[in-house]
Amino acid sequence: MAQTLIRNGFVISMNAGRQAFENGDVLVEDDRIKAVGVIADELIAPDADIVDATDCIVLPGLVNSHVHTSQQLERGLADDVDLLTWLHERTWPFESALTEEDSYLSSLACGLELIHSGVTTFAEAGGQHVDGMGRAVTEIGLRAALCESIMDCGEGLPKGWVRSTDECMERQVAHYEKWHGAENGRIRMQFGLRTIFNCSDELLVRSREMAEERGIGIHMHVAEVLEEVQFAQKTRGAGTVEHMNRIGALSPNLLAVHTVWLTPRDMDLFRLHDVKVSHNPAAAMRVLGFAYVPELLSRGLAVSIGTDGAPSNNRMDMIDEMWLTTLIHKGRTLNPATLPAVTILEMATLHGARCMLWEDEIGSLEPGKKADLVIVHPRSAGTLPVHDPVSAMVYSMHSSDVESSMCDGRWLMRDGKVLTVDEKAVLEEAKSRAAFLRKKAGIELPDRFPTVRVR
Ligand SMILES: [Zn+2]
């Protein structure tokens, strides 16, 4: 039995009463939270490790509900291009050039950025090499639901990505059997479906059935761009959500990502089936449009926040993403009270946990839950003063203020230093491998300015 006492911080618990504790404590025992707030002396072991959190904010580890860890090395290769160029000339060639080892390295590099921005749990959006991702998550110590993006139809996709429906299902089950529950339950599997462009009705329905049988989630981009909804209307006779409802593919296990092009009826269908939603504000602003986030929340739905992948956003930074979420919906609704700080923190913690079907163990600091937490230390010119720690977390904070992070009772970062992997070595390797992969994928970037190559 090992105890850690985090003492004298401003503790944002996110418990049912949304209590915060000024000069409060959090007691961790092994991988679980033992007590929060005012802690009786007799609960604290004499040899407990004591961490001083004076002037710090202590909150549940953030949940990033949609991130393509396998796209991390593609950052900056798809800026300022239209969607088709983004897909056909940049992202598909790059992603299909990755080996399992690249995926491992990419996931480590992505994991580092996630840790620095206060994330302890993420939902993988779906790459092609689950074993590479799984190895990286094992080492770096984050909590994750992984998946492979499976596809059984679609035009123009890289060779080897499209498989028969049976083969797709077999792969999903094999990943599930290998990884689900690994690392003290820290790694889970979900079924990954890319989009309706690439999934037959049979695949959608069978995935729902098999996910329900196993009590796991399904991760899918839904109503992402207008062309997708029009494609569904043309080929299936109804928009994406309406069609999925007709064939019985909507369920509480479905985590629908982006969901920008929804009708009011689509949102009602989501409510009817308790579909979960991942909102990715930066990616939405870049190419997709405004998602109806306040409207979805007002229906009682779990709406979480995701960063999407590096070629869609460039910043896998949940602190930035929380700030962006509150701003863009204020702008869209012309109402400064839209999505207040408390709602944003709920989206990044409790809703994230619900979206990953993990709310029994994570999303709040409460006795019995897993010890996933972050300590934020506002001390920079860009952050101080802090009059209101709850709103400061959303409006003022930068990821550089995230000082320490714990997942499953293990420190991932202390005082800004990642403890689980050699950060410098990973980033050096990632840099040189990214240059190699860009060549391998045959991606040429045009010069932005007339550039003289001196040597
Ligand atoms: Zn995505």
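If you're wondering where the values come from, they're calculated on a predicted model, not measured in any experiment.

Cut-off values and rules
- Residues numbered from 1 in each chain as written.
- Predicted model: local features only at pLDDT ≥ 70, side-chain atom pairs only at ≥ 80, totals over all residues.
- Heavy atoms only, no water.
- Domains from an automatic or database assignment.
- Buried area = accessible area lost by both parts, 1.4 Å probe.
- Salt bridge = Lys/Arg side-chain N within 4 Å of Asp/Glu carboxyl O.
- Polar contact = N/O pair within 3.5 Å; in protein donor to acceptor, adjacent residues only side chain to side chain.
- Helix = DSSP H or I, 4+ residues; strand = E, 2+ residues; numbered from the N terminus.
- Nonpolar A, V, L, I, M, F, W, Y, C, P; charged D, E, K, R; others polar.
- Phe/Tyr/Trp six-rings, centres within 6.5 Å; stacked < 30°, edge-to-face > 60°.
- Buried < 20%, exposed > 50% of the residue type's maximum accessible area, 1.4 Å probe, protein only.
- Lys NZ or Arg CZ within 6 Å of the ring centre and 35° of its normal.
- Donors = N, O, S within 2.8 Å, 3.2 Å for Na, K, Ca; no water.
- Tetrahedral: all angles 85-135°; square planar, octahedral: opposite > 155°, others 65-115°.
- Contact = heavy atoms within 4.5 Å.

(A) Fine view of the domain arrangement of the protein chain. Along its sequence, the protein chain is organised into domain 1 (3–60 + 366–418) and domain 2 (62–356). Averaged C-alpha coordinates put domain 1 and domain 2 at centres separated by 29 Å. Interface area, domain 1 with domain 2, both sides summed: about 2400 Å², of which 64% is carbon and sulfur. Contact with domain 2 buries surface across domain 1, with Met 14, Val 394 and Tyr 395 losing the most and accounting together for 26% of the total. Note that Arg 143 and Asp 408 form a salt bridge whose closest N and O atoms lie 3.0 Å from each other. Linking domain 1 to domain 2 there are nine residue pairs in polar contact (both at pLDDT 80 or more). When residues of the side of domain 1 that touches domain 2 are traced back to their parent elements, those giving at least two are strand E5 (57–60), strand E16 (373–376), helix H15 (389–395), strand E17 (402–407) and strand E18 (410–414). Broken down by element, the side of domain 1 that touches domain 2 gets its largest block of residues, five residues, from H15. Among the residues making up the side of domain 1 that touches domain 2, the classes are represented as 17 nonpolar, five polar and six charged.

(B) Just the packing of aromatic side chains, in detail. Applying the stated criterion across every chain, the model contains one aromatic pair. Taking 4.6 Å as the distance between ring centres and 45° as the angle between the ring planes, the aromatic pair formed by Phe 197 and Phe 231 counts as tilted. Within this pair, whereas Phe 197 is found in the loop between strand E11 (191–193) and helix H6 (201–214), its partner Phe 231 is found in helix H7 (residues 226–236), the two being separated by 34 residues in sequence. The partly exposed category is assigned to Phe 197, whose relative accessible area is 30%. The exposure class of Phe 231 is partly exposed, given its relative accessible area of 27%. Over the face of the ring belonging to Tyr 104 we find Arg 135, whose NZ or CZ atom lies 4.2 Å from the ring centre. A cation sits over an aromatic face here: Arg 214 above Tyr 176, 5.4 Å from the ring centre.

(C) Region of interest: the coordination of the zinc ion. In the first shell of the zinc ion, the protein supplies His 66 (NE2), His 68 (NE2), His 221 (NE2) and Asp 308 (OD), at 2.1 to 2.5 Å from the metal. If you look at the zinc ion, its four donor atoms make angles of 85 to 169° with each other, and the shape they trace is irregular. All donors of the zinc ion belong to a single chain; written as a sequence motif, their spacing is H-x1-H-x152-H-x86-D. In this pair, His 66 is assigned in strand E6 (residues 62–67) and Asp 308 in the loop between strand E15 (303–305) and helix H12 (310–313), connecting sequence segments 242 residues apart.

(D) Fine view of helix H3 (residues 130–140). Within H3, burial applies to Val 130, Gly 132, Met 133, Gly 134, Ala 136, Val 137 and Ile 140. Buried residues belonging to H3 abut helix H2 (100–116), strand E7 (119–124), strand E8 (143–146), helix H4 (165–179), strand E10 (187–189) and E18. Once H3 finishes, Gly 141 follows within two positions and takes phi at roughly 95°, a positive value.

(E) Quick look at the pattern of salt bridges. Here the structure, examined in full by the defined rule, presents 35 salt bridges. Among the salt bridges present, the one from Arg 299 reaches Asp 268, with a minimum N-O distance of 2.9 Å. Residue Arg 299 is found in the loop between helix H11 (293–298) and E15, and its partner Asp 268 is found in helix H9 (residues 264–273); the two are separated by 31 residues along the sequence. With its nearest N and O atoms 2.7 Å apart, the salt bridge here joins Glu 295 to Arg 332. Linking Glu 295 in helix H11 with Arg 332 in helix H13 (residues 318–333), this pair joins segments that are 37 residues apart in sequence. One connected set of salt bridges, linked through shared partners, spans Asp 31, Arg 143, Lys 370, Asp 372 and Asp 408.

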